[in-house]
Amino acid sequence: MTEPSIPTREQAVAELSRAAYSLSAADARLRGRATRNPGALSLTHARALRVLAEEGPLPVGRLAAATETTGAAATQLVNGLASAGYVTRERLPGDKRSVVVALTAAGRHRHREREHALADALHTALTDHDTDALHAATDILRHLAHIYDEL
């Protein structure tokens, strides 16, 4: 019997690179579904709901920073979330330029629903991975985000 070959570091990095491209493609498909289906949420939409649930109402600029996007993209994001009934926009008294974004009850419900679905999917899909492997995956994903920012 031949023993299975152990991949070299170069092969492992190449596999990680292909997996990163697959993750990016899956995100693009999710964004596409979110634009076609009213109930679907892109990762950016879900991230905005999470930030608002954790931080409370925020000005658009702070929401943009917290969701790691631009001000223009955040405005477009808020428009979509407001159309879905998930957030409201309010002007601050005495400041005609600033808009504060807040979750509605529907937005809070949709956030909780999405978080539970994601947690269930992760628990199910990653049941064979121990805590150390999950921490390593988290570390690698954070490094990938940094690499993408630098490309």
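All figures in this text were calculated on a predicted structure; none of them were measured in a lab. (Residues numbered from 1 in each chain as written. Predicted model: local features only at pLDDT ≥ 70, side-chain atom pairs only at ≥ 80, totals over all residues. Heavy atoms only, no water.)

The subject of this paragraph is the environment of D132. With respect to the helices and strands, D132 occurs in helix α6 (residues 131–150). Through-space distance from the C-alpha of D132 to that of N79 is 40 Å; in sequence the pair is 53 residues apart. (Helix = DSSP H or I, 4+ residues; strand = E, 2+ residues; numbered from the N terminus.)

This part is about the environment of V101. Considering the arrangement of structural elements, one finds V101 in strand β3 (residues 95–103). Residue V101 is classed as buried on the basis of its relative accessible area, which comes to 0%. Spatially, the C-alpha atom of V101 lies 34 Å from that of A125, the residues being 24 residues apart in sequence. Setting aside its immediate chain neighbours within four residues, V101 contacts L52, P57, L58, V60, L63, V78, V87, T88 and R89. (Buried < 20%, exposed > 50% of the residue type's maximum accessible area, 1.4 Å probe, protein only. Contact = heavy atoms within 4.5 Å.)

This part takes up helix α5 (residues 105–125). Relative to the 30 Å expected for 21 residues at 1.5 Å per residue, α5 spans 30 Å between its end C-alpha atoms, a close match to the ideal helical length. Of the surrounding elements, those touching the buried residues of α5 are α1 (9–36), α2 (43–55) and β3. (Expected span 1.5 Å × (residues − 1).)

The subject of this paragraph is the nonpolar core. Judged by nonpolar contacts, the single largest core of 18 residues is most densely connected at L49, L52, L63, L81, Y86, V87 and V101. Of all elements in the fold, only α2, α3 (60–66), α4 (71–83) and β3 reach the threshold of two or more residues within this core. Ignoring any residue separated from it by four or fewer positions in sequence, one finds L49 in contact with L41, L81, Y86, V87, L103, G107, R110 and H111. (Core = buried A, V, L, I, M, F, W, Y, C linked by side-chain atoms within 4.5 Å.)

So, on to the side chain of T67. Here T67 shows up in the loop between α3 and α4. Side-chain polar atoms of T67 contact the backbone oxygen of A64, separated by 3.3 Å. Discounting chain neighbours no more than four positions away, the residues touching T67 are R47, A48 and V51. (Polar contact = N/O pair within 3.5 Å; in protein donor to acceptor, adjacent residues only side chain to side chain.)

Any residue range with low pLDDT should be treated as having predicted coordinates unsuitable for detailed reading. Mean pLDDT over the chain works out to 90, with 97% of the residues at or above the 70 mark. When mean pLDDT is compared element by element in the chain, α5 scores highest at 95, while β3 scores lowest at 86. (pLDDT = per-residue confidence, 0-100.)

Right, let's talk about the sheet that holds β3 for a bit. The antiparallel open sheet is built from three strands, whose spatial order is β1-β3-β2. In this open sheet, the two edge strands, each paired with only one partner strand, are β1 (58–59) and β2 (87–92). Relative to β3, β2 runs antiparallel, the two being bridged by six bridges. By the bridge assignment, R89 is partnered in β3 with V101. (Pairing = 2+ DSSP bridges.)

Here the largest pocket is characterised by a volume of approximately 1900 Å³. What lines the largest pocket is a set of 35 residues, and nearest its centre among them are L23, L43, R47, L118 and L141. Breaking the lining of the largest pocket down by element, the ones donating at least two residues are α1, α2, α5 and α6. The leading source of residues in the lining of the largest pocket is α6, at eleven residues. Residue composition of the lining of the largest pocket, by class: 21 nonpolar, five polar and nine charged. (1 Å grid on protein atoms, 1.4 Å probe; cavity = no way out; pocket = protein on both sides within 12 Å on 5 of 7 lines; lining within 4 Å. Points joined across faces, edges and corners; volume = space filled by probe spheres on them. Nonpolar A, V, L, I, M, F, W, Y, C, P; charged D, E, K, R; others polar.)

Glancing now at the pairing of β3. Sheet analysis places β1 next to β3, joined by two bridges and oriented antiparallel. Looking across to β3, one finds that L58 is bridged to V101. Hairpin connection of β2 to β3: two residues between the antiparallel strands, including G94 at a positive phi of 80 degrees.

Residue placement: E68 occurs in the loop between α3 and α4. Sequence separation between E68 and H143 is 75 residues, and the spatial gap between their C-alpha atoms is 15 Å.

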